[in-house]
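# Coordinate analysis (summary)
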Amino acid sequence: MNPARKRKLSIILFLLAGLAIAVGLATYAFRQNINLFYDPSQIAGGEAPVDVRIRAGGMVEEGSVRRDPDSLKVEFRVTDYASSVTVMYEGILPDLFAEGQGVVATGHLNGEGRFMAEQVLAKHDEQYMPPEVSKALEKASARAEEQGAKELPNY
Amino acid sequence: MFPEFGQVTLILSLLLAILLAVVPLVGSLTGRDSLQAFARPLATGQFVFVAIAFAILTRAFLIDDFSVAYVANNSNSLMPWYYKFSAVWGGHEGSLLLWILMLAGWTLAVAIFSRRLPSVMVSQVLSVMGMVSIGFLLFILLTSNPFDRILPNVPADGADLNPLLQDFGLIVHPPLLYMGYVGFSVAFAFAIAALINGRLDAAWARWSRPWTTVAWAFLSLGIALGSWWAYYELGWGGWWFWDPVENASLLPWIAGTALMHSLAVTEKRGVFKSWTVLLAILTFSLSLLGAFLVRSGVLTSVHSFAADPTRGAFLLGLLAITVVASLTLYAFRAPVVHTRVRFGSLSREVFLLLNNVFLMAAMLLVLVGTVFPLIASYYELGDVSVGEPFFNLTFSPLAVAVGLLLGAGIFSRWKRTDGGFLARKLLWPAAVSLVVAAAVMVAMGGFKPWAFAGVLSAAWVAVATFQDLWLRSDSRHGRWHGLKRQSRSFYGMVLGHLGLAMVIAGASVASNYGIERNLRMSPGDQTEVGGYEFRFAGVGERQGANFTAQVGRFEVTLDGRYVTTLYPERRRYLVQGNVMTEAGIDPGLIRDLFVALAEPVGENGWAVRVQYKPLVRWLWLGALVMAIGGFLAIADRRYRIRETSASRVKQSPESSSSSTGRPAEAGA
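Residues numbered from 1 in each chain as written. Chains lettered and ligands numbered in written order. Predicted model: local features only at pLDDT ≥ 70, side-chain atom pairs only at ≥ 80, totals over all residues. Heavy atoms only, no water.

The name an unreviewed UniProt entry assigns to chain B is Cytochrome c-type biogenesis protein CcmF, from the organism Marinobacter daqiaonensis. Reading the Sequence similarities (unreviewed entry) entry of the UniProt record for chain B gives the comment "Belongs to the CcmF/CycK/Ccl1/NrfE/CcsA family." (UniProt positions renumbered as here; feature names shortened; annotations may be inferred.)

Chain A is annotated in an unreviewed UniProt entry as Cytochrome c-type biogenesis protein CcmE from Marinobacter daqiaonensis. Its UniProt record, at the heading Function (unreviewed entry), says of chain A: "Heme chaperone required for the biogenesis of c-type cytochromes. Transiently binds heme delivered by CcmC and transfers the heme to apo-cytochromes in a process facilitated by CcmF and CcmH." Per UniProt, the comment on chain A under Sequence similarities (unreviewed entry) is "Belongs to the CcmE/CycJ family."

Written as structure tokens, this is what we have:
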């Protein structure tokens, strides 16, 4: 093999090795950090895994927000108007967090079916709704309609 | 009447853009100078009409013309005039108009500053810019007309600008960012023009270098301002969230950085030509991808424009046309003959190649992390999101590696570098950076591997840069003479690299040693963060132009000595009823102190976020230094000298003929 080819080969091998390391690192990190989204109906139906980092979201149920008077612990229910799930959080809620608004929380589900949130995101302007939340609401209302349609013949 | 006039001027500029895209190109291909001569007037005309449209929209904002839907949705008569002005680009339609104004501006700039380029090249570059303009003008006219009216029921007042955007940051952040995004269209146009006429040579690289550098400098400033704005305005005290829209601006920035370096190799050594062209296409495509991600409403993001599927489809189409057309052209016209230029395995060429490899790897990681959720949701693999840890885990090692490579690359020579020479040069950087990194660990009180790697890498870059400067400025006539002898583009490079070192240092120290405490405090309470005592003195009221605010008072002391008093605010904006947190920040070169007043908790209590952020300013200062480096580099005399000497060569036949003609005239 002449020196020029040898050099080229060594460069190529070097690049491939770098690429392999990068891809390996990336896939590893990727697997660890993909968070699936579950809506309240899926969580209530037991579809969501326990103790795995996931995201959950929906509308904050009216009258469900309860704050601990001495710390930043807060508890609220998130609903898609078909089912709802209790979310526990300790920390500062976003400015636009309010009852009846759409939120997406990242965290994990504990054994008792409560969602332990590490982070809560709320919508940040009047017109905006997180796409996951609007999808979850659509799905829930579609299911409700379907059930409604099935029940119709009874009447 | 005026808004309709604005729409007409937009249509006129579309017509001019179509002419610009066709006439000079045809002229350049058929060799007809008369057609090529249209390029500059058409570029000017297009800019003038877009500027008129922009001025008309601005006027509508300033005089509170709420019959225009866009004004009614994004402004309010209570807002101070400067926010009315910046509200012009506070929403989708207006920011798109700003984008188009910048595109027309860049086109005009190319027309003005390329007097000395061959007219074929200028015609083709301007034609390609015209094609890009057509795309965006069609986009604004068909899907997002800012001049739509609400008639006959004109609202009495506007819906107000999102309070988050009522800030100095928004006045400057989008224009700078767009200057960068759109500026890459010039590098793209040069690449396409070079492909069309097959002139992929050192001259082409030299012409596109300053344009790429200046666009990159604007983008750096824009991104840094966005990060700074998020830091003080969102009230979380974070400076980078790996939010998809932030990523959308980072992608072209990384690709543009790679492009700048690859262009340097192509200019100096005539290699990597095909790769450079590909990078130019990629960089601009990533700018378009960014526009698509932000404006199509497909993302869950802090930044959002109200979703509209037709807009997304249009932009995706624009992106697809750009990519497919330019890659097809590339496939047919990219140089197939390999240049016989040799370089050794430790040469500067190889270091810059590795720089490109690492930057591309980083870009791909960010791209995958940003786009994967979209693809997954499109193919119904579930609604996923890629968490911050993915980016931190994969981006940090690459950033550190880029730094280490850069420090070594500074001493490399073109063609070949002696290994022993390089190793001897790197002794100092290695020793000093190890000491600095260890010292920082001790000062911060704790060893953290990523902080160590980051500081090491940053110090390595800084020391290598200064050492290089020191060695180069060695002169018989004294140090000062040696320093003055260096070119502006060399100083540009020095600042660019020092800026990067500052950003790496700031990012690793701030994210590893920053302290954040969220707690419930009542007036009179105290807390300690990072050695500082924060005493919550009380809450007052304040009346703003269009908001009322509750203002907290925090007295900060260090070891009993008074440091500062911070006044975080919790504002309620009257029109939309939104509540916004305005953090109280004590900025410093070494550390920031940050207090944000969140919601009231219980009786008399407040949720308070207190943060100690060491070196966080270095992030933005570093980006500023980088950008200054970029602007300095393009002010290099080299670009002017070569241009004038080239023009002298070109003009000499004419001038000689005119000089021979003159005596004859005189004689007659």
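### What about the overall build of chain A?
Helices and strands together make up the secondary structure of chain A, namely 3 helices and 7 strands. Secondary structure elements in chain A, listed N-terminal to C-terminal, are α-β-α-β-β-β-β-β-β-α. Burial statistics for chain A: of 155 residues in total, 39% are counted as buried. Roughly 8700 Å² of accessible area belongs to chain A as shown, and the carbon and sulfur atoms make up 55% of that amount. (Helix = DSSP H or I, 4+ residues; strand = E, 2+ residues; numbered from the N terminus. Buried < 20%, exposed > 50% of the residue type's maximum accessible area, 1.4 Å probe, protein only. Areas by Shrake-Rupley, 256 points an atom, 1.4 Å probe, with all protein chains shown as cover.)

### Concerning the overall build of chain B
Of regular secondary structure, chain B possesses 21 helices and 11 strands. In terms of C-alpha radius of gyration, chain B reaches 27 Å, essentially the compact-globule figure of 26 Å for 668 residues. For chain B, the spread of C-alpha atoms along the three principal axes comes to 95 × 80 × 60 Å. Sorting the 668 residues of chain B into buried and exposed places 59% on the buried side. Excluding contacts between residues fewer than 6 apart, the proportion of contacts in chain B whose partners are at least 24 apart in sequence is 73%. Side chains of chain B give 51 positive and 39 negative charges; the mean places of these two sets differ by 16 Å. (Rg over C-alpha atoms; globule rule 2.2 N^0.38 Å. Contact = heavy atoms within 4.5 Å. Lys, Arg positive; Asp, Glu negative; His and termini not counted. Charge placed at Lys NZ, Arg CZ, Asp CG, Glu CD.)

### Regarding the domain arrangement of chain B
Residues and elements named next belong to chain B. Along its sequence, chain B is carved into domain 1 (1–160) and domain 2 (515–617). A separation of 43 Å is found between the C-alpha centroids of domain 1 and domain 2. Opposite the 6 residues of domain 1 that make contact, domain 2 presents 4 residues. Buried surface at the junction of domain 1 and domain 2, both sides included, amounts to about 470 Å², of which 55% is carbon and sulfur. In terms of surface lost to domain 2, no three residues of domain 1 exceed Leu 78, Ala 159 and Asp 160, which account for 75% of the buried area on that side. Scanning the region where domain 1 abuts domain 2 turns up 0 salt bridges. Linking domain 1 with domain 2 are 0 residue pairs in polar contact (both at pLDDT 80 or more), by the criterion used here. Grouping the amino acids of the side of domain 1 that touches domain 2 by side-chain chemistry returns 3 nonpolar, 2 polar and 1 charged. (Domains from an automatic or database assignment. Buried area = accessible area lost by both parts, 1.4 Å probe. Salt bridge = Lys/Arg side-chain N within 4 Å of Asp/Glu carboxyl O. Polar contact = N/O pair within 3.5 Å; in protein donor to acceptor, adjacent residues only side chain to side chain. Nonpolar A, V, L, I, M, F, W, Y, C, P; charged D, E, K, R; others polar.)

### Things to note about helix α10 (residues 244–269) of chain B
For an α-helix, 3.6 residues make a turn, and residues three or four places apart therefore share a direction. Residues and elements named next belong to chain B. An ideal rise of 1.5 Å per residue puts 38 Å on 26 residues; α10 measures up with 37 Å between its terminal C-alpha atoms. For α10, the tally of buried residues reaches 25 of 26 residues, placing the bulk of the element in the interior. With a side-chain oxygen lying 2.8 Å from the backbone nitrogen of Val 245, the N-terminal cap of α10 falls on Asp 243. (Expected span 1.5 Å × (residues − 1).)

### A short note on helix α11 (residues 273–295) of chain B
For α11 of chain B, with 23 residues, the first-to-last C-alpha span of 33 Å sits near the 33 Å given by 1.5 Å per residue. For α11 of chain B, a buried count of 19 out of 23 residues is recorded, marking the element as mostly surrounded by other parts of the structure.

### Focus: the domain arrangement of chain A
By convention, interface size is frequently given as the accessible area that disappears when the constituent parts associate. For chain A, the domain assignment lists domain 1 (1–33) and domain 2 (35–122). A straight line from the C-alpha centre of domain 1 of chain A to that of domain 2 of chain A covers 43 Å.

### Concerning the side chain of Asn 355 of chain B
Residue and element names in this part refer to chain B. With respect to the helices, strands and loops of the structure, Asn 355 is situated in helix α13 (residues 348–378). Side chain to side chain, Asn 355 and Asn 356 meet in a polar contact 2.9 Å long. What Asn 355 contacts, discounting residues up to four positions off in sequence, is Ala 258, His 261 and Leu 405.

### Considering the interface of chain A and chain B
Taken together, the 36 residues of chain A in the interface contact 49 residues of chain B. Across the interface of chain A and chain B, roughly 3600 Å² is buried in total on both sides, 61% from carbon and sulfur atoms. One can count 1 salt bridge joining chain A with chain B. The closest approach of N and O atoms between Glu 599 of chain B and Arg 67 of chain A, which form a salt bridge, is 3.2 Å.

### Some words on a nonpolar patch on the surface
Residue and element names in this part refer to chain B. The grouping of Phe 2, Phe 5, Val 8, Ile 11, Leu 12, Leu 15, Ile 18, Val 22, Val 26, Val 48 and Ile 52 at the surface amounts to a nonpolar patch, some 850 Å² of accessible area in total. With 9 residues, the top contributor of residues to the nonpolar patch is helix α1 (residues 2–30). Inspection of the secondary structure puts Phe 2 in helix α1. Looking at Phe 2, the relative accessible area reads 41%, which means it is partly exposed. (Patch = residues over 30% accessible without salt bridge, like charges linked within 9 Å, V, L, I, M, F, W, Y side chains within 5 Å.)

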